[in-house]
Amino acid sequence: MSLAATQKKGFGAFLWDYLTTVDHKKIAHLYLAGGGFFFLLGGIEAVIIRIQLIKPENDFISAGLYNEMITMHGTTMIFLAAMPILLGLMNAAMPLQIGARDVAFPFLNSLGFWLFMFGGILLNLSWFLDGAPDAGWTSYAALAMDSPGHGVDFYVAGLQIAGAGTLMGGINFLVTVVTMRAPGMTYMRMPLFTWATFITSVLILFAFPALTINLFLLMFDRMFGTAFFDVSLGGNTIIWQHLFWIFGHPEVYILILPLFGLFSDVFSTFSRKRLFGYTAMVFATMLIAFLGFMVWAHHMFTVGLGPVANSIFAVATMAIAVPTGIKIFNWLATMWGGSVKINAAMLWALGFIPSFTIGGMTGVMLGSAVADFQYHDTYFVVAHFHYVIVGGTVFGIFCGLHYWWPLLFGKILNETMGKLTFWTFFIGFHLTFFIQHFLGLMGMPRRYWVFLENQGLDLGNLISTIGAFFMSFAVIVFLINIVHTAVKGEKAPADPWDGRTLEWATESSPPPYYNFKQLPLTRGLDPLWIEKTEGKGHMTPAEPLGDVHMPNGSFLPFLMSLGFFVAGLGFIYQTDEKLWYIALYGGMAFALLMMIIRSVKDDHGYYIKKEEFEREAE
Amino acid sequence: MTENTNTKTNKNLDAFQKRKNKEEMKRQLISFGLMIVLTLIAFAVVATGAIESMFVIPLLAFLAVIQVAFQFYYFMHMKDKGHEMPTVLIYGGVWAALLTLAGLALISWW
Amino acid sequence: MSHDHSLYPETMPQNPEKATLEGKNKFLGLWFFLGGETVLFASLFGTYLALKDSTAGGPSSEELFGLELVFIMTVLLLTSSLTSVYAMYHMRNNDFKKMQLWLGITALLGIGFLGLEIYEFSHYITEYGFTFRSSAFGSAFYALVGFHGGHVTFGICWIIALMIRNARRGLNLYNAPKFNTYSLYWHYIDVIWVFVFTVVYLMGKVG
């Protein structure tokens, strides 16, 4: 169903459609819209931070507000912008890439989205209620336990709800890849993006439970008076750090691996060449994921774990550079000798390689435990993780949006504006963050509200802020591009990029709601390309035309998440006023009731009859 | 595709299948017996204090791991065909769990 | 292709719980979830191990724990694991009545376990003043054992809901996967308990 067709039905029907949808393509729209909204919010927070630091001893915002800004900027960007946008891209492309009609658990997919959305809203409500959390996005327990007001409570409740949604998404994608691959689509024929989705989901599955427990411990301590982090009763705040980074380090790979997969697809598509070293790429991804679990303590070198622990984690950290290097060289080799076409999507991919490599190199520097004592908690670290997260994740998201916009909305984004976005963002990004390496080396600590004059930090900070303005300009151009494309853009063909993988083998852009009338037969890696070069130019069906089973839409995920949202508010405020227990128990009971309804009411889905397809074809 | 196409039709749940199910059940009863024995040993060792505490802790951990292996492989059928991915992800979880335990138990207090 | 989910003796598949794609998905989804639960409980066990000696002057594990009660609880839960195996055995033989019977016994054993756990907690609180708040050890103990107890409670509610919902209509390809996922979950609770009684109670008694 195209966007135009749904709009004809009127806004109410359109809204209801999205509130109850279980279609992975519409859930992708929702994730992108929700994540995009929070991305803008986090971006505004970033600009406010940079304006505060534009000159020495600035008083643009107060110190307390500044703490809230840095906390919310980090939390929003990681949990509410990057992750959901990635889940959106996965939802949009992965089921199509394996030739499936939907994900394994369409209902859970929708529930995962609404949990994220309500969690994000809950977290951001703190701005209007009691002040936002102000203990940093890592919310170290020693600081978080001391934070007055309810800010940190919002952090705990909001992330708990959003995190549960992410975990569901991870399990859903895992099962989808295992059971829903179309005939002939063996594991070693899956596109790299699908592989990356699969491996990322494994990381989500094993990393998020640690965060869940950590948030519970902090919640019990702050709201119910327990003693996990209370040193006077024998508690230990280091437990928070361990659990946070046992989650947090895999989390950074959750943020980058899907885009490694995406870049692999983009490089091979626009070089018109098979990906160089496919098998090595798959195993490098696995190796990164495996090693990613064994390096968490490199965030804690200065805690005092002792030289033995520090050495082990330093070596493991540096080992990750090896599989990452394999990937970088494979991408270069993919382009080598290919007929490279440079458009907006490819520009982001090309810009990613040097930017991310710089971030990787500073990562190895930081991984050296001895040197880390010098870099720790300075702007050098800030520069490093922005180089990997912006230079990797954000570049990748823009690349993915340009590449899959036809798949998502049936139109191609304007190329000129796309290139303008890229160049201003690229320049702005390096202006902002490159200089921060040196600010850090000169001793500027991160998270400080002001700095003094004439300490060699003035010019660097000014340049950094100017760079942030460039990036803001780029994002505004991108927003204009979206509107322009929606209004004036021409309808894209089903296969606008001369693609290689199955998401371009549907009958239209965007694909029909059932994806494939007949599941396609895969004959090798890059199945569509094989058919183009050796076959009839389109996929051979793997099954006769027949009835197609489709899941029913449901409003229950929205209501369930609403229940948890209300319960979250109850948890936060029951410390002040016992009446809030009504919200706590009421919200929980409501969510439970919705679960019971879901469990008791049979949901067999429905069938699109074979005859309907035949009628349509006439 | 999505429905009962891969359903094997066998008349009246043939005798062979029934016997196979019964044999499986016998194996599970034996595993249960062994699990009870392992539990008894573990409790007995602690209750009587027969063994020095330095050796008791590894012994207890060992008994628990064997018992859990019975649960997974017999009660939850992880030994059967079609359990490859569950096996991979359970062992993945166990690996992540061991790292977590090592982190918290060994280097929290340094 | 039939769109009917009913299960007739003459078309009974060998594994009704995995005969449909939905069933296969549920089966894998639950297993993967258990992989995640492993890390969840590892985080709690790790916290407990880190804090078990932080008694803040309160009672220690050696003073608190009694082995008799824990042994009875262990036997109850282990037996409930066996009874749910019996239930699945009867499901594969398409004997719905016997399956329901064994599931009922499983639920009763679970309720018995839960009752003893509540008795145990209230005993610690009233006799020793040992609470969630009294020391880091107390917090970690109640968090770990309480999370397990919460899982047991959820499992009991789950199976009762399934039994009531399907009491009238018998077994079919739509609900067989649901019973099977429940039984996997229930075994997993037992797995966790094996580590709870080993690490918390037995090792706590040894010191």
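Quick caveat, the model's predicted, so the values are computed rather than measured. (Residues numbered from 1 in each chain as written. Chains lettered and ligands numbered in written order. Predicted model: local features only at pLDDT ≥ 70, side-chain atom pairs only at ≥ 80, totals over all residues.)

1. Quick word on the overall build of chain C
Move 1: The secondary structure content of chain C amounts to six helices and zero strands.
Move 2: For chain C, the α and β elements follow one another from N to C terminus as α-α-α-α-α-α.
Move 3: Taking the principal axes of its C-alpha atoms as reference, chain C extends roughly 70 × 30 × 25 Å.
Move 4: Within the span of chain C, comprising 207 residues, buried residues form 60% of the whole. (Helix = DSSP H or I, 4+ residues; strand = E, 2+ residues; numbered from the N terminus. Buried ≥ 20, exposed ≤ 12 C-beta atoms within 10 Å, placed from the backbone.)

2. Quick look at the overall build of chain B
Move 1: Helices and strands together make up the secondary structure of chain B, namely three helices and zero strands.
Move 2: What you see in chain B, going N to C, is helices and strands ordered as α-α-α.
Move 3: Counting over 110 residues, chain B shows a buried share of 30%.

3. Digging into the interface of chain B and chain C
Move 1: Taken residue by residue, the interface counts 50 residues in chain B and 51 residues in chain C.
Move 2: Sorting the residues of the side of chain B that touches chain C by element identifies helix H1 (15-48), helix H2 (53-75) and helix H3 (84-106) of chain B as the ones contributing at least two each.
Move 3: At 14 residues, the largest contribution of residues to the side of chain B that touches chain C is made by H3(B).
Move 4: Looking at the side of chain B that touches chain C residue by residue, the class counts come to 27 nonpolar, 19 polar and four charged. (Contact = placed C-beta atoms within 7 Å. Nonpolar A, V, L, I, M, F, W, Y, C, P; charged D, E, K, R; others polar.)

4. Quick look at helix H4 (residues 96-128) of chain C
Residue and element names in this part refer to chain C.
Move 1: Taking 1.5 Å of rise per residue, the 33 residues of H4 would be expected to cover 48 Å, and the 47 Å separating its terminal C-alpha atoms lies within 8% of that figure.
Move 2: Of all the positions in H4, only Met-99, Gln-100, Trp-102, Leu-103, Thr-106, Ala-107, Leu-109, Gly-110, Phe-113 and Glu-117 are classed as buried.
Move 3: Looking at the buried residues of H4, the elements they touch are helix H3 (67-92), helix H5 (136-166) and helix H6 (176-206).
Move 4: Of the residues trailing H4, Gly-129 is marked for its positive phi of about 60°. (Expected span 1.5 Å × (residues − 1).)

5. A closer look at the interface of chain C and chain A
Move 1: Contact with chain C, which involves 33 residues of that partner, is made by 35 residues of chain A.
Move 2: Secondary-structure elements contributing two or more residues to the side of chain C that touches chain A are helix H1 (21-51) and H5 of chain C.
Move 3: When residues in the side of chain C that touches chain A are grouped by element, the largest group, 17 residues, is from H1(C).
Move 4: The class makeup of the residues in the side of chain C that touches chain A is 18 nonpolar, 11 polar and four charged.

6. Some words on the confidence of the model for chain C
Predicted coordinates in areas of low pLDDT are best not read in detail.
Residues and elements named next belong to chain C.
Move 1: Predicted confidence across chain C gives a mean pLDDT of 91, with 94% of residues reaching 70 or more.
Move 2: Per-element confidence in chain C is highest for H4, whose mean pLDDT is 96, and lowest for helix H2 (residues 61-64), whose mean pLDDT is 90.
Move 3: Scoring the predicted complex yields pTM 0.94 and, for the interface, ipTM 0.94. (pLDDT = per-residue confidence, 0-100.)

7. Let's talk about the domain arrangement of chain B
All names here are of chain B.
Move 1: Domain annotation for chain B reports domain 1 (14-79) and domain 2 (80-110).
Move 2: Look at where the C-alpha atoms of domain 1 and domain 2 centre, and you get two points 20 Å apart.
Move 3: Residue-level contacts link four residues of domain 1 with five residues of domain 2.
Move 4: For the side of domain 1 that touches domain 2, a count of residues per class yields two nonpolar, one polar and one charged. (Domains from an automatic or database assignment.)

8. Points about the nonpolar core
Move 1: Leu174(A), Phe263(A), Val266(A), Trp348(A), Ala349(A), Cys399(A) and Leu144(C) are the most contacted members of the largest nonpolar core, which has 290 residues in total.
Move 2: When residues no more than four places from it in sequence are discounted, the contact partners of Val266(A) are Ala345(A), Met346(A), Ala349(A), Cys399(A) and Tyr403(A).
Move 3: Counting residues in each nonpolar core, the second largest holds five residues, with Tyr66(A), Met69(A), Ile70(A) and Ala132(A) among its members. (Core = buried A, V, L, I, M, F, W, Y, C linked by C-beta atoms within 7 Å.)

9. Observations concerning the packing of helix H15 (residues 379-409) of chain A against helix H16 (residues 415-441) of chain A
Residues and elements named next belong to chain A.
Move 1: The contact between H15 and H16 brings their axes to 7 Å, and the two run at 165°. Between H15 and H16, the interaxial angle falls into the category roughly antiparallel. For the element pair H15 and H16, the recorded crossing hand is left-handed. Packed against H15, whose contacting residues are Tyr-379, Phe-380, Val-381, Val-382, Ala-383, His-386, Tyr-387, Val-390, Gly-391 and His-402, the element H16 presents Gly-418, Phe-429, Phe-433, Gln-436, His-437, Leu-439, Gly-440 and Leu-441 at the interface.
Move 2: Broken down by class, the residue content of the contact of H15 with H16 amounts to 11 nonpolar, seven polar and no charged. (Axes fitted to C-alpha atoms, helices over the stretch in contact; angles between N-to-C directions. Parallel < 35°, antiparallel > 145°, perpendicular 65-115°, else oblique. Left-handed = near helix turned anticlockwise from the far one by under 90°.)

10. A word on unusual backbone geometry
Move 1: In the segment running from Ser509(A) into Pro510(A), the intervening peptide bond is cis, with an omega of -10°.
Move 2: Looking at the secondary structure, you find Pro510(A) in the loop between helix H17 (458-488) and helix H18 (527-534).
Move 3: Even without a glycine there, the phi angle at Asn515(A) is positive, about 65°.
Move 4: One can find Asn515(A) in the loop between H17 and H18.
Move 5: Positive phi, close to 65°, is recorded for His77(B), a residue that is not glycine.
Move 6: Inspection of the secondary structure assignment puts His77(B) in the loop between H2 and H3.

11. Observations regarding the packing of helix H9 (residues 238-271) of chain A against H3(B)
Move 1: For the pair H9(A) and H3(B), interaxial distance at closest approach is 10 Å and the crossing angle is 160°. What the angle tells us is that H9(A) and H3(B) run roughly antiparallel. Taken as a pair, H9(A) and H3(B) cross one another with a handedness that is right-handed. Across the interface between the two elements, Ile239(A), His242(A) and Ile246(A) of H9(A) pack against Thr100(B), Gly103(B) and Leu104(B) of H3(B).

12. Regarding helix H7 (residues 151-179) of chain A
Move 1: Taking 1.5 Å of rise per residue, 29 residues should cover 42 Å, and H7(A) covers 43 Å from first to last C-alpha, within 8% of that figure.
Move 2: Within H7(A), 27 of the 29 residues are buried, which leaves it mostly tucked inside the rest of the structure.

13. Side note on the environment of Phe516(A)
Residues and elements named next belong to chain A.
Move 1: Counting through the fold element by element, Phe-516 comes out in the loop between H17 and H18.
Move 2: For the pair Phe-516 and Ala-100, spaced 416 residues apart in sequence, the C-alpha separation works out to 7.6 Å.
Move 3: Beyond its immediate stretch of four places on either side in the chain, Phe-516 contacts Gly-99, Arg-101 and Thr-506.

14. Digging into the environment of Leu525(A)
All names here are of chain A.
Move 1: As for its position among the elements, Leu-525 is in the loop between H17 and H18.
Move 2: Separated by 224 residues in sequence, Leu-525 and Phe-301 place their C-alpha atoms 43 Å apart.
Move 3: Those residues in contact with Leu-525, other than ones at most four positions away along the chain, are Arg-189, Arg-274 and Tyr-278.

15. A short note on the confidence of the model for chain B
Move 1: In the predicted model, chain B carries a mean pLDDT of 85, and the fraction of residues at 70 or more is 87%.
Move 2: Low confidence marks residues 1-11 of chain B, where pLDDT is under 50. Its contacts with residues over four positions away, or in another chain, come to 22 contacts.

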